[in-house]
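# Observations on the three-dimensional arrangement
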Amino acid sequence: MRLRRLHLQDFRNIALARLEPGGAREFFAGSNGQGKTNLLEAVGLLGALRSFRGAEPRELIRQGAAEARVWMEVEHERDGETQIEITLRPQKREVAINGARCQRLADFLGRFPTVALSSHDLQLLRGAAPLRRRALDLALASLDAGYFHSLRRYHQALDGRNALLRGSRVPAAAELAAFETMMAAEAVTITAARAAACAALAKHLREAYTKLAAGATERPGLRYTPESEGSTPEIWRELWEKSRARDLAAKTTRNGPHRDDFIFQLEEQEAKGFASEGQQRGLVVAWRLAQAAWLRECTGLQPILLADDVLGELDTERRAGFWRAAADVSQVLASGTTIPAEKEEGWGVWRVQGGVFARVTPSNV
């Protein structure tokens, strides 16, 4: 898949922009705060209608505007030339594909895959479990609408159970059991999907990291670390039933998929405390490249790769390795404060200032 044309209106600091970034390698250069990341964030909505920066729809609307519009034309492997229009309002998102309103999120998820690499991705390795869990859930949800709905149902039931635990009276066992039954069915689906995804991503991570590190013999890995395990709904129901007294004292549900994690490894040790700075950066870039390869494997579609202020943070060897690993990616849209020095990559270059984008004559295209 490749982005051919992009129109933005009242998106973040971009009042109005019309671009044709149709090349295989497009770079948006400018000082911080000018709109480079905002543009990549808009393109990233193709994946699952969510900001890769975690922003709510209301935060994407330019100050003083009632709504934001993102219009894109992509060249799609299956559907050919396809037009997507996304309208963002404070409490609502609307999508139209080729002029036809998309009624269900399930009809959109996985159809236009994107993968975003961010300078903040290092926190996936170094930060707390919720960051990694969210990243894994977004990757799965962008691929499988069924997973998205299971996750939503689980959290709705979890919220209901937690509300009972926090209440002013001791809840009846039947009340807790009702929510636990709903949670249990989804917990089996969620943990099985996460385990399978981590196993598949680990394979692609090893391949991407080897290319990034120029054939280094270091052994990278991913290990899924569920907080609790249950292969059947009965096992989960029993776990929550046994933990009711403790959960009542804590006023929250202390066990379940909402506490899961996965860890990055190097040489079978947790990379957070073992790997060097360069190795850690290589691991999180390899994670995103692995995600792109996994999406391609599962869908047959080539994701658009969005590299937000990442390439400048890699050393020369790993930057060259990035291009080896991304050689079969049909389109990379990248941003940074300086134009890439690698002339052989044939960048199409854009200057960005105050939400305005100006094409610079491409080199070696």
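Residues numbered from 1 in each chain as written. Predicted model: local features only at pLDDT ≥ 70, side-chain atom pairs only at ≥ 80, totals over all residues. Heavy atoms only, no water.

Sheet architecture is open: three strands sit in the order S9-S10-S11, paired in antiparallel fashion. Where the open sheet ends on each side, the last strands, each with one partner, are strand S9 (220-225) and strand S11 (269-270). Looking at chain direction, strand S10 (residues 261-266) and S11 are connected through two bridges and run antiparallel. Following the sheet pairing, Leu266 is matched in S11 by Gln269. Sheet strands in contact with helix H9 (residues 277-299) are S9 and S10, and its direction is about 125° off that of S10. (Pairing = 2+ DSSP bridges. Helix = DSSP H or I, 4+ residues; strand = E, 2+ residues; numbered from the N terminus. Contact = heavy atoms within 4.5 Å. Axes fitted to C-alpha atoms, helices over the stretch in contact; angles between N-to-C directions.)

This brings us to the pairing of strand S8 (residues 114-118). A regular strand carries its side chains on alternate faces of the sheet. Most of S8 sits inside the fold, with five of its five residues counted as buried. Residues Thr114, Ala116 and Ser118 point to one face of S8 and Val115 and Leu117 to the other, with burial holding for every one of them. Bridge analysis of S8 against strand S12 (residues 304-308) gives five bridges, and the strand direction is parallel. From the neighbouring strand, Thr114 faces S12, where its bridge partner is Ile304. (Buried < 20%, exposed > 50% of the residue type's maximum accessible area, 1.4 Å probe, protein only.)

So, on to the packing of helix H5 (residues 173-212) against helix H6 (residues 233-242). Closest axis-to-axis distance for the H5/H6 pair is 8 Å, and the angle between their directions is 125°. Judged on the interaxial angle alone, H6 and H5 are oblique. Taken as a pair, H5 and H6 cross one another with a handedness that is right-handed. For the pair H5 and H6, the contacting residues are Glu180, Thr181, Met183, Ala184, Ala185, Ala187, Val188 and Thr191 in the first and Pro233, Trp236, Arg237, Trp240 and Glu241 in the second. Here the contact of H5 with H6 is built from residues that sort into eight nonpolar, two polar and three charged. (Parallel < 35°, antiparallel > 145°, perpendicular 65-115°, else oblique. Left-handed = near helix turned anticlockwise from the far one by under 90°. Nonpolar A, V, L, I, M, F, W, Y, C, P; charged D, E, K, R; others polar.)

Honestly, that's just the spatial picture; any functional story needs more than this.
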